[in-house]
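Spelled out from the first residue to the last, the chains are:
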Amino acid sequence: MTSRVAAAIDAAQAQGRGALVGYLPLGFPDLKTSIDAAVALAENGADVLELGPPYSDPVMDGTVIQEATQTALARGFKLRDTFTAVREITARVDVPVLVMTYWNPVMQYGVDRYADDLLAAGGAGLITPDITPDAAAEWIRASERTGLDRVFLAAPTSTDERLDLIAAQSTGFVYTVSTMGITGERAQLDAAARTLVSRLRDRGVTHACVGIGISTAEQVSGVLEYADGAIVGTALVRALRDGGVEGLAAEAQRLSRGTRR
């Protein structure tokens, strides 16, 4: 099956630019606004949407995103709201939607049931930060059955053997972690990201998107010198928190200027 996410990255490249992958937490500041925000993000430069259902123990997230997800949980976000949001977003914009989820909620919901409901809602696949391909046999089977993308993470510390596995089992793109640590903004991206993308290229990876620490158009541009896409989260969540949907749209436009090559 054709990957909608890979196709979106290819379409950006055909236009002479890199792809912008934009992250937002679902349910922040409330479910309706988070849906409107995702639509605005897609309409103002994002080629792929990465939507995160709030989770009680977000080990990978920095302060800004943690505070947003805690707000969403406090206001009653439920796991089933994920599919409602994806359905409404994909009905309004033609941009592939990936759900970034920790693995425990998927297991509790049921892997096949989760895959079926995400597909029915119009979702494109999952980013799974805390499960590796060697532990994801059930998800790999479900994704192959449904055609959903499975985006695994590669880190600068990943061994060659682990990268071989990630390269073989990822579809859509490989989420290339720019630096070790939690998400957030950093003044300078770790040069290890460039080396990591090169290691993935050696393994035949044609779609590598770099995330963690990217917060400005200049950083987006720098990443796209060697990667296929740049993933931005904290800067967008802050813009939504401080300026609402309009502020988010303006920030997305600023970031998208960095995708031009």
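Preceding this paragraph is the structure being described.
These lines cover the structure that appears in this document, whether it is placed above or below. (Residues numbered from 1 in each chain as written. Predicted model: local features only at pLDDT ≥ 70, side-chain atom pairs only at ≥ 80, totals over all residues. Heavy atoms only, no water.)

1. A look at the sheet that holds strand 4 (residues 125–127)
Sheet strands pair via backbone hydrogen bonds, and the direction of the pair is either parallel or antiparallel.
In step 1: On the basis of which strands lie adjacent, the open sheet formed by nine strands has the order 5-4-3-2-1-9-8-7-6 and parallel pairing. Each of the sheet's edge strands pairs with one partner strand only, and the pair in question is strand 5 (149–151) and strand 6 (153–154).
In step 2: Here strand 2 (residues 48–52) runs beside strand 3 (residues 97–100); their pairing, made up of three bridges, is parallel. Along strand 3, the bridge assignment pairs Leu51 with Val99.
In step 3: Strands strand 2 and strand 3 of the sheet are contacted by helix 4 (residues 81–92), whose axis makes an angle of about 160° with strand 3.
In step 4: Along the sheet, helix 11 (residues 234–256) contacts strand 1 (19–25) and strand 9 (229–232); its crossing angle with strand 1, the most-contacted strand, is approximately 175°. (Pairing = 2+ DSSP bridges. Helix = DSSP H or I, 4+ residues; strand = E, 2+ residues; numbered from the N terminus. Contact = heavy atoms within 4.5 Å. Axes fitted to C-alpha atoms, helices over the stretch in contact; angles between N-to-C directions.)

2. Some remarks on the pattern of salt bridges
In step 1: Counting across every chain of the model gives 14 salt bridges.
In step 2: A salt bridge links Arg162 to Asp134, with the shortest nitrogen-to-oxygen separation between them at 3.9 Å. Of the two residues, Arg162 sits in helix 8 (residues 160–169) while Asp134 sits in the loop between strand 4 and helix 7 (137–146), which places them 28 residues apart along the sequence.
In step 3: For Arg162, a relative accessible area of 31% translates into the label partly exposed. (Salt bridge = Lys/Arg side-chain N within 4 Å of Asp/Glu carboxyl O. Buried < 20%, exposed > 50% of the residue type's maximum accessible area, 1.4 Å probe, protein only.)

3. Here we look at helix 8
In step 1: Among all positions in helix 8, only Leu163, Ile166 and Ala167 are buried. For helix 8, the buried positions fall inside an angular range of 100° around the axis, keeping them on one side. Those residues of helix 8 that are exposed and angled more than 90 degrees off the buried face are Glu161 and Ala168. (Arc of directions from axis to C-beta.)

4. Observations concerning the pairing of strand 7 (residues 174–177)
The side chains of a regular strand alternate, first on one face of the sheet and then on the other.
In step 1: With burial as the criterion, each face of strand 7 is covered, one bearing Val174 and Thr176 and the other bearing Tyr175 and Val177.
In step 2: Of the crossover connections in this fold, the one passing from strand 6 over helix 8 to the parallel strand 7 is right-handed.
In step 3: Inspection of the sheet shows strand 7 paired to strand 8 (residues 208–211) by four bridges, in the parallel sense. Bridge assignment links Val174 to a residue of strand 8, and that residue is Ala208. (Right-handed = clockwise from strand over helix to strand, strands pointing away.)

5. Description of the packing of aromatic side chains
To describe a pair of aromatic rings, one takes the distance between the centres and the angle between the planes.
In step 1: Applying the stated criterion to the full structure yields five aromatic pairs.
In step 2: Ring centres 5.1 Å apart and planes at 70° place the aromatic pair Phe83 and Tyr114 in the edge-to-face group. Taken together, the positions of Phe83 in helix 4 and Tyr114 in helix 6 (residues 111–121) put the pair 31 residues apart, joining distant regions of the chain.
In step 3: Take Phe83: its relative accessible area is 5%, and that puts it in the buried class.
In step 4: Assessed through its relative accessible area of 1%, Tyr114 is described here as buried.
In step 5: Measuring from ring centre to ring centre gives 6.5 Å for Trp103 and Trp139, while their planes differ by 55°; the resulting arrangement is tilted. One end of the pair, Trp103, is in helix 5 (residues 103–109); the other, Trp139, is in helix 7, and 36 residues separate them in sequence. Trp139 matches Trp103 in its accessibility class, with the two residues each being buried.
In step 6: Aromatic rings pair up to connect Phe83, Tyr109 and Tyr114 into one cluster. (Phe/Tyr/Trp six-rings, centres within 6.5 Å; stacked < 30°, edge-to-face > 60°.)

6. With respect to the pairing of strand 3
In step 1: Burial along strand 3 is two-sided: Val97 and Val99 facing one way and Leu98 and Met100 facing the other are all buried.
In step 2: Here three bridges tie strand 3 to strand 4, and the two strands are oriented parallel to one another. Of the residues in strand 4, the one forming a bridge with Leu98 is Gly125.

7. A look at unusual backbone geometry
In step 1: Cis rather than trans, the peptide bond between Phe28 and Pro29 has omega equal to -5°.
In step 2: Looking at where Pro29 falls in the secondary structure, it is placed in the loop between strand 1 and helix 2 (31–43).
In step 3: One non-glycine residue, Ile212, lies in positive phi territory at about 85°.
In step 4: Checked against the element boundaries, Ile212 lands in the loop between strand 8 and helix 10 (217–223).

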